[in-house]
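What follows is each chain in one-letter form.
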Amino acid sequence: MSENITAEELAELMKKAAGITVAPEELRERSDDSFDTFGIDSLGLLGIVGELEKRYGTPMPPDSEKSKSPRQFLDAVNSALPAGA
């Protein structure tokens, strides 16, 4: 089983790293909306990437902090996580 990051986990990280509260259901429904529409800027995204790197002990793809939408971000970071981590 691979350890994919879910919308719930992303919502938690958005709150922790950027102080933005978004319901996981809203992230799933609007996963192609830009992070800007959720109030997340590039620094907020960088904070989320940093939290993930600490949590999983592995670097995230260099382009993950340039992701434009939650779907793009989750696709990028989930492809970088080792299966069964």
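Residues numbered from 1 in each chain as written. Predicted model: local features only at pLDDT ≥ 70, side-chain atom pairs only at ≥ 80, totals over all residues. Heavy atoms only, no water.

In the annotation of an unreviewed UniProt entry, the entry for the chain reads Acyl carrier protein, and the organism field reads Streptomyces ossamyceticus.

### Some words on the pattern of salt bridges
Scanning the entire structure with this criterion turns up 8 salt bridges. Of the charged contacts in the structure, one is a salt bridge between R28 and E8, with a shortest N-O distance of 2.7 Å. Taken together, the positions of R28 in helix 2 (residues 24–29) and E8 in helix 1 (residues 7–18) put the pair 20 residues apart, joining distant regions of the chain. A relative accessible area of 44% means that R28 is categorised as partly exposed. Across the pair R30 and E26 runs a salt bridge whose closest N-O atoms are separated by 2.2 Å. R30 gets classed as partly exposed once you look at its relative accessible area, which sits at 26%. Looking at E26, the relative accessible area reads 30%, which means it is partly exposed. Residues joined in a network through salt bridges with shared partners are E9, E12 and R55. (Salt bridge = Lys/Arg side-chain N within 4 Å of Asp/Glu carboxyl O. Helix = DSSP H or I, 4+ residues; strand = E, 2+ residues; numbered from the N terminus. Buried < 20%, exposed > 50% of the residue type's maximum accessible area, 1.4 Å probe, protein only.)

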